[in-house]
Amino acid sequence: MEWLGGEPALATLFPQASMSLPMVIRRVHPDDRKDVQRLVRSSVGQSPWIRSRFHTEHDGWRVLAGQTRRIRLGYGGPERVFGVIRDESTVEAHRDDMLAAVSAERQRADEIAAFSSALFSAATEQELQQVVLTRLAAAFGGFGALFALVDDGRLRVSSDAGIPMWQADALLGLPLDEDRPLPRAIRTGEPQFIANQEELWRCWPSDTSGAQAPPGPDVAMSITPLSPPGDRPLGAWAVTYDSKRPPSLEKLAFMTTLADLAGQALRRIRLQQAHVELSTAVQQSMLPTLPEHLPGLEVAVRYEPSQDGLDIGGDWYDAFFLPDGAVALEIGDAQGHDVDAAVFMGQVRSSMRAIAAHEPEPGTVLTRTNELLTTMDAPRFASCTMLHIDPRDGQVIGTSAGHVPLLHARDDGSHRIRTLPGGPVLGVLPDIDYPEETFTLEEGTALVMVTDGVVEGPGLTLEDGLERAGTLAGRALHDRLDVEAMADLILDAVVAVDHLDDVAVLVIRRT
């Protein structure tokens, strides 16, 4: 191959004017050699352009585009093959940079989309904080993120690993009226941008000794409030960048939009929490305090709220003395998981107590309660099991309104699933009678009353759940555990299978 000259930049490709073709091929990247050999051997008058990577002595790898042309010299003269070579290294590098930039921008867009979705999905302040600190900096090309919320006029601050701990600590408890960038942005609702490290060092709070080192090589910071001007201050987030590559105005504007979404999520979370606290207070006020001492009986009760809705439900329990000296025990489940469910539960429980004071037989109590609810055209229904226990001889009278069966455990470790007679749930069908069953609770044995959340779940059938609870109750009696430990054992097994419904357990043992 003879080099006939060209651009000075290309002359370094072939330091010798004449080189053997194998020597040239050896300098071509192994993956491109077949294409170059095909190009040289092409029999057409003019070949297409072929790109290949060529290794030079001084500049390393270069990207070349080559084309061959067959030319006959003179009339009937010899045919020669000429090659035209073009250096596309710069074009290729620019193309690679463009592809890398497009890929990075696409990845950034995916991160922002995932960030937005996660903001909508956050259910607690802790989840919202985690979303911000794990996704914010990556989504906007920063290397550190800080999240500040307002509590009683002062800042509660957390940060990711990209912001030094002393920076976050310097803001902790800072008053909202402090004249510094972060509280000012939260207070006014106006975003702040600190262009370089010198400005950040001048306006950021630090210890009075000045012993802290400046944060990073050269830092810029954007601060975006979670609420717009004029709204109640909620907080803000801050992102740190390399000051030589600050975010574009478009990214800062989009960050403001996402911060507003985070503020909406925070308001929703706090409103939900207020509802939960109110609902829990309502529910707790509806649940009774059991008598401290029931002669001849040991009683333990456990309750866990739902993991759905407002984290409350309509499960209830009760135990009280009857005029004839017996003890009434009941457990039930009102429809729903909200404030109305808790209120309805309280109405049903109070009605049953009032009726039992005059007509203590369980079947009669459920019949009268059902009549009352259907007459009132109650918007909800409730299941219930009621027992009348005489602790002197252990006689038990029981009936059920669509509730799960009763468990009867013995101290030899055995148990029985006892399905009581009865009728449908309360508050649906009028003119229903609830038949009763009478049996004996022997000394040392126990009854376990549960709601359906204890024995049913996403991966637990009613039959399997009853069998599991009965086995646990029998084992507890066999191991001479008291009723409190037995109730804990049953409840712990429920929590272990990720219950979604609220649950109640009432254990009664005859001593």
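What counts as what
- Residues numbered from 1 in each chain as written.
- Predicted model: local features only at pLDDT ≥ 70, side-chain atom pairs only at ≥ 80, totals over all residues.
- Heavy atoms only, no water.
- Pairing = 2+ DSSP bridges.
- Helix = DSSP H or I, 4+ residues; strand = E, 2+ residues; numbered from the N terminus.
- Axes fitted to C-alpha atoms, helices over the stretch in contact; angles between N-to-C directions.
- Contact = heavy atoms within 4.5 Å.
- Core = buried A, V, L, I, M, F, W, Y, C linked by side-chain atoms within 4.5 Å.
- Buried < 20%, exposed > 50% of the residue type's maximum accessible area, 1.4 Å probe, protein only.
- Phe/Tyr/Trp six-rings, centres within 6.5 Å; stacked < 30°, edge-to-face > 60°.
- Lys, Arg positive; Asp, Glu negative; His and termini not counted.
- Salt bridge = Lys/Arg side-chain N within 4 Å of Asp/Glu carboxyl O.
- Polar contact = N/O pair within 3.5 Å; in protein donor to acceptor, adjacent residues only side chain to side chain.
- 1 Å grid on protein atoms, 1.4 Å probe; cavity = no way out; pocket = protein on both sides within 12 Å on 5 of 7 lines; lining within 4 Å.
- Points joined across faces, edges and corners; volume = space filled by probe spheres on them.
- Nonpolar A, V, L, I, M, F, W, Y, C, P; charged D, E, K, R; others polar.

Sorry, what's going on with the sheet that holds strand β1 (residues 50–56) here?
Each strand in a sheet pairs with another by means of backbone hydrogen bonds, the pair being arranged parallel or else antiparallel. Pairing within the open sheet is antiparallel, and its three strands lie in the order β1-β2-β3. The open sheet has two edge strands with one neighbour each: β1 and β3 (79–87). Shown here is a sheet whose adjacent strand axes are inclined to one another by a mean of 40°, direction ignored. Sheet topology note: the strand β2 (residues 60–72)/β3 ladder contains nine bridges and is antiparallel. Among the inter-strand pairings, isoleucine 71 is bridged to a residue of β3, identified as arginine 80. Helix-sheet contacts for helix α3 (residues 33–40) involve β1 and β2, and the interaxial angle to β2 is about 20°.

Quick question: what am I supposed to make of the nonpolar core here?
Phe115, Leu128, Leu136, Phe140, Phe147, Leu226 and Trp237 are the most contacted members of the largest nonpolar core, which has 28 residues in total. Sorting the residues of this core by element identifies α4 (89–121), α5 (125–139), β4 (144–151), β8 (235–242) and α9 (249–286) as the ones contributing at least two each. Ranked by size, the runner-up nonpolar core spans 25 residues in total, among them Val454, Ala469, Val503 and Val507.

Would you mind going over the packing of aromatic side chains with me for this structure?
Aromatic ring pairs are reported here in terms of the distance separating the ring centres and the angle at which the planes meet. One pass over the full model with this rule turns up two aromatic pairs. Taking 5.7 Å as the distance between ring centres and 40° as the angle between the ring planes, the aromatic pair formed by phenylalanine 115 and tryptophan 237 counts as tilted. Highlighted residues: phenylalanine 115 in helix α4 and tryptophan 237 in strand β8, separated in sequence by 122 residues. No difference in accessibility class separates phenylalanine 115 from tryptophan 237, as the two residues are buried.

What is the right way to look at the sheet that holds strand β15 (residues 415–418) in this model?
Across the sheet, five strands lie side by side as β9-β19-β18-β14-β15; this open sheet has antiparallel pairing. Edge positions in the open sheet fall to β9 (297–304) and β15, since each of these has one partner strand only. Put simply, the sheet's adjacent strands are angled 15° from each other on average, direction ignored. In this structure, β9 lies alongside strand β19 (residues 503–510), joined through eight bridges in antiparallel fashion. The residue of β19 that forms the bridge with valine 299 is isoleucine 508. On the sheet, helix α13 (residues 462–478) packs against β14 (406–409), β15, β18 (446–450) and β19 and is oriented at approximately 30° with respect to β14.

What is the right way to read the side chain of aspartate 160 from this model?
The topology assignment puts aspartate 160 in the loop between β5 (154–159) and α6 (165–171). Although aspartate 160 is buried, it makes no salt bridge; arginine 135 carries the closest opposite charge, 12 Å away. In terms of polar contacts, aspartate 160 uses its side chain to reach the backbone amide nitrogen of alanine 145, at 3.0 Å. Looking at aspartate 160, its side chain comes within polar contact range of the main-chain nitrogen of glycine 162, at 3.0 Å. Apart from residues no more than four positions distant in its own chain, aspartate 160 is found in contact with Leu133, Ala137, Gly144 and Ala145.

Help me understand the pairing of β8, please; the structure alone is not making it clear to me.
Working note: regular strand, side chains alternate between the two faces of the sheet. Of all eight residues making up β8, seven are buried, and the element is well covered by its neighbours. Pairing between β4 and β8: six bridges, direction antiparallel. Its bridge partner being in β8, glycine 144 is matched across the sheet by threonine 240. Both strand β7 (residues 219–225) and β8 contribute to a ladder of seven bridges, which runs antiparallel.

Sorry if this is basic, but what is going on with the pattern of salt bridges here?
Between side chains of opposite charge, a pair can form as their charged atoms come close. Taken as a whole, this structure holds 22 salt bridges when the rule is applied. Notably, a salt bridge pairs aspartate 32 with arginine 53, separated by 2.9 Å at the nearest N-O pair. Taken as a pair, aspartate 32 in the loop between α2 (21–27) and α3 and arginine 53 in strand β1 lie far apart in primary sequence, 21 residues in all. A salt bridge links aspartate 151 to arginine 156, with the shortest nitrogen-to-oxygen separation between them at 2.4 Å. A relative accessible area of 33% means that arginine 156 is categorised as partly exposed.

Which parts of the structure should I look at to understand the pairing of β2?
Two elements, β1 and β2, share seven bridges in a ladder whose sense is antiparallel. Bridge assignment links arginine 53 to a residue of β2, and that residue is valine 63. In this antiparallel pair of consecutive strands, β1 and β2, the connection spans three residues. Where β2 folds back on β3, the antiparallel hairpin that results is connected by six residues, among which glycine 74 adopts a positive phi of roughly 75°.

Help me understand unusual backbone geometry in this model?
Across residues other than glycine, the phi torsion is negative in most instances, and most of the peptide bonds are trans. A positive phi angle is found at aspartate 152, which is not glycine, with a value near 50°. Position of aspartate 152 relative to the elements: it lies in the loop between β4 and β5. Aspartate 152 sits in the exposed class, given a relative accessible area of 83%. Non-glycine residue arginine 480 carries a positive phi angle of around 60°. As for its placement among the helices and strands, arginine 480 is situated in the loop between α13 and α14 (483–496).

What is the right way to look at the side chain of serine 383 in this model?
The residue serine 383 is located in strand β12 (residues 382–390) in this model. At 2.9 Å, the side chain of serine 383 forms a polar contact with the side chain of histidine 403. Not counting residues within four places of it along the chain, the set of residues in contact with serine 383 comprises Trp316, Ile331, Gly332, Asp333, Ala401, Gly402, His403 and Val425.

Quick question: what am I supposed to make of the layout of surface pockets here?
Once rolled over the atoms, a probe with the size of a water molecule shows which space is left empty. Roughly 770 Å³ of internal volume is contained in the largest pocket. If you go around the largest pocket, you meet 30 residues; those closest to its centre are Met1, Phe82, Gly83, Val84 and Ile85. For the lining of the largest pocket, the secondary structure elements donating two or more residues are α2, α3, β1, β2 and β3. With six residues, β3 is the single largest residue contributor to the lining of the largest pocket. Its residues assigned to classes, the lining of the largest pocket shows 20 nonpolar, seven polar and three charged.

On their own, these measurements won't tell you what the molecule is for.
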